[in-house]
Amino acid sequence: MLPMSDMTLAEALALNNAHATELSWQDENSFADLVRHAFHARWTTGHTAFLIAFDERADYASENFLWFQKRFERFVYVDRVVVSPAHRGKGLARMLYADLFEAVRAAGQTRVVCEVNSEPPNPASDAFHAALGFVEMGQAVLAGKGKVVRYLACDA
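The structure displayed is predicted, hence computed values, not measured ones.

Looking at the environment of D33
Tracing the backbone shows D33 in helix 2 (residues 28-37). Residue classification places D33 among the partly exposed positions, given a relative accessible area of 35%. Residues D33 and Y60, spaced 27 residues apart in sequence, show a C-alpha to C-alpha distance of 9.7 Å. Within the structure, the side chain of D33 is placed 2.3 Å from the side chain of R36, a separation counted as a polar contact.

Remarks on the packing of helix 1 (residues 9-17) against helix 2
Packed helices, taken two at a time, are described by their axes: the angle between them and the distance between them. At a minimum axis separation of 10 Å, helix 1 and helix 2 run at an interaxial angle of 105 degrees. When the axis of helix 1 is compared with that of helix 2, the two are roughly perpendicular. Contacts between helix 1 and helix 2 involve L9, A12, L13 and N16 from the former and E28, F31, A32 and V35 from the latter.

Things to note about the pairing of strand 3 (residues 49-55)
Strand 3 sits mainly inside the fold: 7 of its 7 residues count as buried. Residues A49, L51, A53 and D55 point to one face of strand 3 and F50, I52 and F54 to the other, with burial holding for every one of them. The sheet contact formed by strand 2 (residues 40-43) and strand 3 spans 4 bridges and is antiparallel. Looking across to strand 3, one finds that R42 is bridged to L51. Between strand 2 and strand 3, which follow one another and run antiparallel, lie 5 residues, and G46 among them has a positive phi close to 90 degrees. Bridge analysis of strand 3 against strand 4 (residues 76-83) gives 7 bridges, and the strand direction is antiparallel. By the bridge assignment for strand 4, D55 is matched with V76.

Here we look at the state of the cysteines
A complete count under the given rule lists 0 disulfides for this structure. With no disulfide of its own, C114 has C154 as its nearest cysteine by sulfur position, at a separation of 8.8 Å.

A few points about the sheet that holds strand 3
Taken together, the 7 strands give an open sheet; going across it, the order is 1-2-3-4-5-7-6, and neighbouring strands pair in mixed fashion. Single-partner strands in this sheet number two, and they are strand 1 (2-3) and strand 6 (135-142). As defined by bridge partners, strand 4 adjoins strand 5 (residues 111-119) across 2 bridges and the pair is classed as parallel. Across the sheet, residue Y77 finds its bridge partner in strand 5, namely V113. Lying over the sheet, helix 1 contacts strand 2, strand 3 and strand 4, oriented at roughly 90 degrees with respect to strand 3. Sitting on the sheet, helix 2 touches strand 2, strand 3 and strand 4, and the angle it makes with strand 3 is about 65 degrees.

What counts and how
Residues numbered from 1 in each chain as written. Predicted model: local features only at pLDDT ≥ 70, side-chain atom pairs only at ≥ 80, totals over all residues. Heavy atoms only, no water. Helix = DSSP H or I, 4+ residues; strand = E, 2+ residues; numbered from the N terminus. Buried < 20%, exposed > 50% of the residue type's maximum accessible area, 1.4 Å probe, protein only. Polar contact = N/O pair within 3.5 Å; in protein donor to acceptor, adjacent residues only side chain to side chain. Axes fitted to C-alpha atoms, helices over the stretch in contact; angles between N-to-C directions. Parallel < 35°, antiparallel > 145°, perpendicular 65-115°, else oblique. Contact = heavy atoms within 4.5 Å. Pairing = 2+ DSSP bridges. Disulfide = S-S within 2.5 Å.

Have a look at this one:
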């Protein structure tokens, strides 16, 4: 896995915004802030997939992140993971998560959390996270965003 750098931010931003329905649309500054404050921000070789995660100490106002922050003393929150359509089904997301779990354990963390849209549905993400051992911890309606999410957690 490769760290994100200033030189690859535009590429990552384009991939992010191509999947804004599942993630959230970002401008250059907000995306750079995400990467700058991340616990873990990594690309796959070839820049075909990336993952950005925060630990519980992050100064991050995401409604989903704050849901976990209210409930857990320590955690690593997967904010976004995306694989370009041409490279799906090749195990890239699984590799990104394996890399994250290694970093989580090295930092003495024990829990990885995330959310997955249930409205609009994201069955591929549901199946992927279930296969990794994530279990539902709760749900929320994201006011004004037209989304319902399921909150998931997994032991590292």
